[in-house]
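Each chain, written out:
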Amino acid sequence: MEKKELRELLERLSSGAASVDEVMMKLKGGPFRDLGFAKLDSHRALRQGVAEVIYGAGKTPRQIADIAAAMLEEGQRTVLITRMSAEAAAVVEKAVPLAYHEMGRVGIAGEMPEPDGRGKIVIATGGTSDMPVAEEAALTAEALGNEVTRLYDVGVAGLHRLLSHTDDVMTASAIVAIAGMEGALASVIGGLADCPVIAVPTSIGYGASFGGLSALLSMLNSCASGVSVVNIDNGFGAAYLASMINHIGVK
């Protein structure tokens, strides 16, 4: 059950439109549902405001399908599946309604929510090669109820490309800056924006980039205030945090 659904249920109880027994029946579901191979945290949306997300890597397609189906049965309207292969999606879509996005390796079962955040989240990349991580971030943000603006291939090798989108940068509620190589994009955006900037180092780069470690260290040492950093290639984690920022004050 999600917060909005619980609030509506309690309002119905308060107005007399629902009985105590009806409300009790709705709330009887335990804090988790044991599937044997997984324990669904069915009350996470009530605790944290966001329902549980399926991490697809390492799970069999059948496990993903069974978890997603159980979540939908529990009343979760949008089930987000990250790091999902095309092969797994082919199995899952036979069990639940699924939209699969191959670039970001993201599956979304159920329905996409309408944006209900305070403003918009900007997802910016240094280069086209960073797009898989960016799409994971963008689709995650959209699945969590945010308006998203994508600014792709606006890295420091051609700074004028970013500067042509200063209005988007300066009006965002939160920005996810995604870059490999030396990771300078986050610092540049941090010097332009008045909102939190969440930096995502990617594993894109030549040998001395050490699989994203160089970008990670550069972002951690940013001289721009308001820049925080998540792990290498963690588009999901960045978008989740950006969504929390964009929903501050939203019931």
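Residues numbered from 1 in each chain as written. Predicted model: local features only at pLDDT ≥ 70, side-chain atom pairs only at ≥ 80, totals over all residues. Heavy atoms only, no water.

Going by the annotation in an unreviewed UniProt entry, the name recorded for the chain is 1-(5-phosphoribosyl)-5-amino-4-imidazole-carboxylate carboxylase, with Cloacibacillus porcorum given as the source organism.

Draft legend 1. Molecular detail of the sheet that holds strand E6 (residues 106-110). Here we have four strands laid out as an open sheet, ordered E3-E4-E6-E5, and mixed in their pairing. Among the strands making up the open sheet, the edge pair consists of strand E3 (54-55) and strand E5 (98-101). Across four bridges, the pairing between strand E4 (residues 78-82) and E6 is antiparallel. Pairing of threonine 78 across the sheet is with glycine 110, part of E6. Strand contacts of helix H4 (residues 61-73): E3, E4 and E6, with the helix running at about 155° to E4, the strand carrying the most contacts. (Pairing = 2+ DSSP bridges. Helix = DSSP H or I, 4+ residues; strand = E, 2+ residues; numbered from the N terminus. Contact = heavy atoms within 4.5 Å. Axes fitted to C-alpha atoms, helices over the stretch in contact; angles between N-to-C directions.)

Draft legend 2. The pattern of salt bridges, seen in detail. Applying the stated criterion across every chain yields a total of six salt bridges. Across the pair arginine 83 and glutamate 136 runs a salt bridge whose closest N-O atoms are separated by 2.5 Å. Here glutamate 136 lies in helix H6 (residues 131-143) and arginine 83 lies in the loop between E4 and helix H5 (86-92), a separation of 53 residues in the sequence. Since its relative accessible area comes to 22%, arginine 83 is described here as partly exposed. Through salt bridges with shared partners, a single ionic network connects Glu135, Glu142 and Arg150. (Salt bridge = Lys/Arg side-chain N within 4 Å of Asp/Glu carboxyl O. Buried < 20%, exposed > 50% of the residue type's maximum accessible area, 1.4 Å probe, protein only.)

Draft legend 3. Geometry of helix H10 (residues 213-220). Here H10 has its buried residues at Ala215, Leu216 and Met219. Each buried residue of H10 sits inside an arc of 105° when the element is viewed along its axis, so together they form one side. (Arc of directions from axis to C-beta.)

Draft legend 4. Focus on the sheet that holds strand E11 (residues 227-229). An order of E8-E7-E9-E10-E11 is seen for the five strands of this open sheet, with the pairing classed as parallel. Only two strands of the sheet have a single partner each, and these edge strands are strand E8 (147-151) and E11. Adjacent strand axes in the sheet meet at a mean angle of 25° when their direction is disregarded. With five bridges joining them, strand E7 (residues 120-125) and E8 adopt parallel strand pairing. Each bridged residue has a counterpart across the sheet, and for isoleucine 123 the counterpart in E8 is arginine 150. H10 contacts strand E9 (174-179), strand E10 (197-201) and E11 of the sheet and is inclined by roughly 160° relative to E10. Each of E7, E9, E10 and E11 touches helix H11 (residues 235-246); the most contacted strand, E10, lies at about 175° to it.

Draft legend 5. Representation of the environment of isoleucine 67 within the structure. Within the element layout of this structure, isoleucine 67 appears in helix H4. Of the residues examined, isoleucine 67 reaches a relative accessible area of 5% and is grouped as buried. If we skip the residues at most four places from it in the chain, isoleucine 67 touches Leu35, Phe37, Ala38, Leu40, Ile54 and Lys59.

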